Amino acid sequence: AFKKNPSNIPPIVETIPFIGCFYQFAKNPLKLVRSSYDKLGEIFTLHLMGFKMTFVLGPEAQALFFRGTDEELSPKEAYRFVTPVFGKGVVYDSETEIMYEQLRFVKNGLVLSQLKKAVGIIQEETEKYFENKWGDSGEIDLLYEMNKLTILTASRCLMGKSINKSLGQSGQLADLYHELEEGLNPISFFFPNLPLPSFKKRDAARAKVAAIFHSIIQERRRSTDDSVDDVLYTLMNSKYKDGSILEDEQIVGLMIGLLFAGQHTSSITLTYSIFYLLNNLEYFDETQKDISDIVTKENQGEINFDGLKRMNRLETVIREVLRLHPPLIFLMRKVMTPMEYKGKTIPAGHILAVSPQVGMRLPTVYKNPDSFDPKRFDVEDKTPFSFIAFGGGKHGCPGENFGILQIKTIWTVLSTKYNLEVGPVPPTDFTSLVAGPKGPCMVKYSKKQK
Ligand code: X2N
């Protein structure tokens, strides 16, 4: 008899029916994926809670993932569980064509001219934050602080000063937003219908956040101030190919998604970068020399886009941090039509996954993969899909330049104002959707003498 969906990919022995190796996966997903790679090579299938997850590892196999079309490999089907948070009809919940048009709108909101303006905004917000919150010296949880700061900087870049007003009015947007994100539990990927206690709060919080964003949009429409020009402005003035404009509900959903995307990935990478810089003083000294030459001497303290672009060492430090600690440890698609890889067939219905975390630590891809060596990026890494912290292909991260710019600006302000004292680089917490350092990350700071 013929089997349905024949698969000739090496499977992991399914120790327990249905559950498969879910227990090992939940305990340490990266260890399981890495040990399976060591046993079975660049492509294998794990059986997890009735899902068949086929992993592809290494640049060549990862190309299959990133080059697939949405008709072959659907992000929408794999990421359904994020819809209650971001909203219906946006991000991964819209029709393929609409999704690409929305991506184009977002990219238009993050063009060069916008990035140049963002630098000044981020500098201003960051200076204000430290003046109001930090004072002369003390001890803080760095991850918590960077998260608070990036919600301010990212939301200012997305919605301009409107957001400050409503942060002041309701005073609670940050808290509401936090309740909303608590609803993004990775376990919902496996159990989309499991009612978690956080979901009630999530839905209530989403309704309130949406109401605030709706009122910002309406205020914008009434306003006669034509100097505003941010991502929200771009979205409000974007047109689909058929001439229609975005519905308000879609704009709200996109703003929620972008705020989430711009905040956590940045604050995590910033925190890890600071730990690595202060634990590797040769690189710290190099970045401080660049900052002093470019910002202090050439530009009298003004941080600008062109100056930041020339901070090459800081850039390679950030990229090396992202290689070792990509905040998104897995990316997934649902296989819609069977895919071929080196004579192996991946049947429809499988989840195809890449792991930036495991894939960028393979010794065949990077020498001494577990050591921190920013110099490896001094020469451009030309192999397609070896560096995948920002994904790649058609769905490659549209926020890459913004994120790096945001990290560079904040580090420049922070390191010119304060001396920091940190412990060793913290381990990673893999239980949330965006994997960051296990907190608290206590850091001592003291203001530099002028
Ligand atoms: C048994 C809990 O269950 O301990 F955010 F506009 C906004 C990435 C989606 C990864 C899903 C791991 C499951 C561990 C269970 C936007 C900036 C994005 C991009 C452990 C004990 C989001 C789900 C991870 C399954 C692994 C979705 C983000 N740029 N941000 N323990 O990405 O882009 C966005 C894009 C996903 C996953 C899992 C466990 C656009 C347990 C308890 C249990 N996975 N995973 N973004 N696990 N336990 C983002 C990509 C998009």
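Residues numbered from 1 in each chain as written. Predicted model: local features only at pLDDT ≥ 70, side-chain atom pairs only at ≥ 80, totals over all residues. Heavy atoms only, no water.

1. So, the site of the ligand
Close to the ligand lie 19 residues; Phe86, Ile187, Phe260, Ala261 and Phe330 are nearest. Backbone polar atom of Ala26 to a nitrogen atom of the ligand: 3.4 Å apart, as the coordinates give it. Starting from 980 Å² of accessible surface for the ligand in isolation, the protein chains cover 83%. Secondary structure elements with two or more residues in the shell around the ligand: helix H1 (22-27) and helix H13 (248-279). (Near = heavy atom within 4 Å. Polar contact = N/O pair within 3.5 Å; in protein donor to acceptor, adjacent residues only side chain to side chain. Areas by Shrake-Rupley, 256 points an atom, 1.4 Å probe, with all protein chains shown as cover. Helix = DSSP H or I, 4+ residues; strand = E, 2+ residues; numbered from the N terminus.)

2. What about the nonpolar core?
Counting residues in hydrophobic clusters, the biggest one holds 139 residues, and the most contacted among them are Trp134, Phe213 and Leu420. Looking at this core element by element, the count peaks at 15 residues for H13. Sequence-distant contacts of Leu420, that is, excluding residues within four places in its chain, are made with Trp134, Ile274, Leu278, Trp411, Leu414, Val443, Lys444 and Tyr445. (Core = buried A, V, L, I, M, F, W, Y, C linked by side-chain atoms within 4.5 Å. Buried < 20%, exposed > 50% of the residue type's maximum accessible area, 1.4 Å probe, protein only. Contact = heavy atoms within 4.5 Å.)

3. What about the sheet that holds strand S4 (residues 137-141)?
Spatially, the 3 strands line up as an open sheet ordered S4-S12-S9, and their pairing is antiparallel. Two strands in the sheet have a free side with no partner beyond their single neighbour: S4 and strand S9 (418-421). Averaged over all pairs of adjacent strands, the angle between their axes in this sheet comes to 30°, without regard to strand direction. The sheet contact formed by S9 and strand S12 (residues 442-447) spans 4 bridges and is antiparallel. Note on S12: the bridge partner recorded for Asn419 is Ser446. Along the sheet, helix H8 (residues 142-159) makes contact with S4 and S12, crossing S4 at roughly 85°. (Pairing = 2+ DSSP bridges. Axes fitted to C-alpha atoms, helices over the stretch in contact; angles between N-to-C directions.)

4. A word on the pairing of S12
The sheet contact formed by S4 and S12 spans 5 bridges and is antiparallel. Bridge pairing links Ser137 to Ser446 in S12.

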